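Fold and geometry: a report
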Amino acid sequence: MTVRESQSALSDNARYARDGRASGSLRRERGTRVRRQRVRAAWLFLTPMLIVLAAVAGWPLFRTFWFSLTDASLSSLEGAHFIGLENYLVFDNGWYGILADPLWWQSVWNTLYFTLVSVSLEAVLGVIVALVLNAHFRGRTLVRAAMLIPWAIPTVVSAKIWAWMLNDQFGIINHMLLGIGVIDAPLSWTADASLSMWAVIMVDVWKATPFVALLVLAALQMLPSDCYEAAKVDGIHPVRVFFRVTLPLITPALLVAVIFRALDALRVFDVIYVLTSNAASTMTMSIYARQQLVEFQDVGYGSAASTLLFMIIALVTVVYLYLGRRQLGGES
Amino acid sequence: MRLRILKAVVLKIGFWMLVGVLMLYAIFPFYYAVITSLKPSSQLFEVSYWVDSLDVSNYVAVLSQPAFLAAIRNSVIVAVSVVIIALLLGLTAAWALGRVRFRGRTTVMMLVLGVSMFPQVAVLSGLFEVIRTLDLYNSPGGLILSYTIFTLPFTVWILTTFMRQLPDELEEAAIVDGASPWVTLTKVFMPLLWPAMATTGLLAFIAAWNEFLFALTFTLTDSQRTVPVAIALISGGSQYELPWGPIMAASVIVTVPLVILVVIFQRRIVSGLTAGAVKG
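In this text the structure is predicted, and so the values were computed from the model without any measurement. (Residues numbered from 1 in each chain as written. Chains lettered and ligands numbered in written order. Predicted model: local features only at pLDDT ≥ 70, side-chain atom pairs only at ≥ 80, totals over all residues. Heavy atoms only, no water.)

Residue and element names in this part refer to chain B. Helix α5 (residues 124–133) sits mainly inside the fold: eight of its 10 residues count as buried. Listed as buried for α5 are L124, S125, G126, L127, F128, E129, V130 and I131. Positioned one or two residues after α5, D135 has a phi angle of 60°, which is positive. (Buried < 20%, exposed > 50% of the residue type's maximum accessible area, 1.4 Å probe, protein only. Helix = DSSP H or I, 4+ residues; strand = E, 2+ residues; numbered from the N terminus.)

This is the structure in structure tokens:
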């Protein structure tokens, strides 16, 4: 029997089952048994996933919390001693610990700045790209495929490509800017502290805008066409229609995209590590934490930084889940 | 009347210019990487906008490095294993979460979604300990294990969304026929879920292929690295003379398969991304 045949046979059976609904208590009893069996199976089916998630997420996270309260170092994780909150903040003839480290606060500020600027740019550009892709024109499929390319390129590769384009001596960006007379000397994009954050933002915007555009495009394609026809008949200006009709309707999708992007931006690591390495002007919380953990081998201190980052992201996640709860609850 | 035609023409030209600018913005960096990779090293430091000569010496240089070939092999092993594991565990979990009502389901869904939002660096030290205890440090096994932290949640999430869309009648019929949940899943749902599984698998593959932080931290030697780390660590004689030609050639090599996959499966990828995000 082919798959299709077996499926149609199965749905026939379902019809018989519905027709035989009158047979009362016997069916109900069987229904409860089936339901119980299914719930048992559900937990059985979930177990492997839950075990793996506990092994790669739950337990390591717990250990990171624990390490943040110890003086563990990379070479002697086992010989760690409990030192309380000393990694976070301690007074010993002056304040010490992460919360007293100017570099940490600089990296917090860098992360927030990076998140705010790049996600805002991605939202605006993403909506523009989505509106273009939503229009009917020849070659739309081709353009959509092309817009996906930056998203598909590995972050490390895009960072390298942009590092080459932004190269201070031989980079094409400086070449172009010199050519049109915007600048009169080559800029050192990735090394100059006042420019490097913009270099990083440029790469992130280039890479992540397609993601925002796709989510917004999906929302655009589900919009009802009748209110647009009505607006057209009434002769309302398209810009006004966009702000009064389209934007409010795509806001939920845009918000989801923005939150996903914001969570990604808050934990950003690879693009910055490759483009500007450990420079203080672009150091983010992830870079700071990994530097302490791996390069300085200070697992306790690095874990404390990781824990703080986790808490910030958890806070954002909780807010997001709270906002999205109705939708989740509605389905269950 | 003439004014209206003029306006329409201007709008049309403006629209096509916008399309052109966006296309250029999206494609140019990759195009530039390709033409740079095809330049002989003597021409590398003259900026040009098209290919003057076809010189494959950068590709020869990269592909003759055993470390780079090892990196490609490692990346393929890791990404393929991660896809298989994520689909296997994700499919069973998605059946439970998508088709069965039970107490605690919403909690499990929240848990899965929560894990997908973990900052990777938050589990770095804990995971390092786990990997070392299991003796998986500096091996593809350690990466396969650690990558499930970000591939499994979204695999479960997307497959659950697709699983919910399947008609109830199918399952009712299977139950009436006395099919066990396992048989229902493998014989009834799996054939229908192939497109969704292909999509999710592709997204998991891309995520695993691109991962950098764990790969950088949990591998030590050239022979165990994955391609993103290999590319990030290519260095020249000094900090100031990076071999840009070979770096761009390596970049093109690891990106072309992804670009081809994405262009072919773009529709599926879009539906996968939106199923995972919008409906979540």
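So, on to the confidence of the model for chain B. Residue and element names in this part refer to chain B. The share of residues in chain B with pLDDT of 70 or more is 96%, and the mean pLDDT across the chain is 88. Taken element by element, chain B is modelled with least confidence in helix α12 (residues 266–277), mean pLDDT 76, and with most confidence in helix α3 (residues 66–99), mean pLDDT 94. Across the interfaces of the predicted complex, the ipTM metric reaches 0.90, alongside a pTM of 0.88. (pLDDT = per-residue confidence, 0-100.)

Turning to the environment of B:T255, a few remarks are in order. Its location among the elements puts B:T255 in helix α11 (residues 244–264). In this structure the C-alpha to C-alpha distance between B:T255 and B:G272, which are 17 residues apart in sequence, comes to 21 Å. Excluding its chain neighbours within four sequence positions, the residues that come into contact with B:T255 are A:I153, A:P154, A:V157 and B:F30. (Contact = heavy atoms within 4.5 Å.)

This part takes up the domain arrangement of chain A. Residue and element names in this part refer to chain A. Taken domain by domain, chain A holds domain 1 (1–67) and domain 2 (90–331). Taken together, the contacts link four residues of domain 1 with six residues of domain 2. Buried surface at the junction of domain 1 and domain 2, summed over both partners, amounts to about 420 Å²; 80% is from carbon and sulfur atoms. Run the count over domain 1 and domain 2 and you get zero salt bridges. Remark: the boundary between domain 1 and domain 2 carries zero residue pairs in polar contact (both at pLDDT 80 or more). Taken together, the residues of the side of domain 1 that touches domain 2 break down into three nonpolar, one polar and no charged. (Domains from an automatic or database assignment. Buried area = accessible area lost by both parts, 1.4 Å probe. Salt bridge = Lys/Arg side-chain N within 4 Å of Asp/Glu carboxyl O. Polar contact = N/O pair within 3.5 Å; in protein donor to acceptor, adjacent residues only side chain to side chain. Nonpolar A, V, L, I, M, F, W, Y, C, P; charged D, E, K, R; others polar.)

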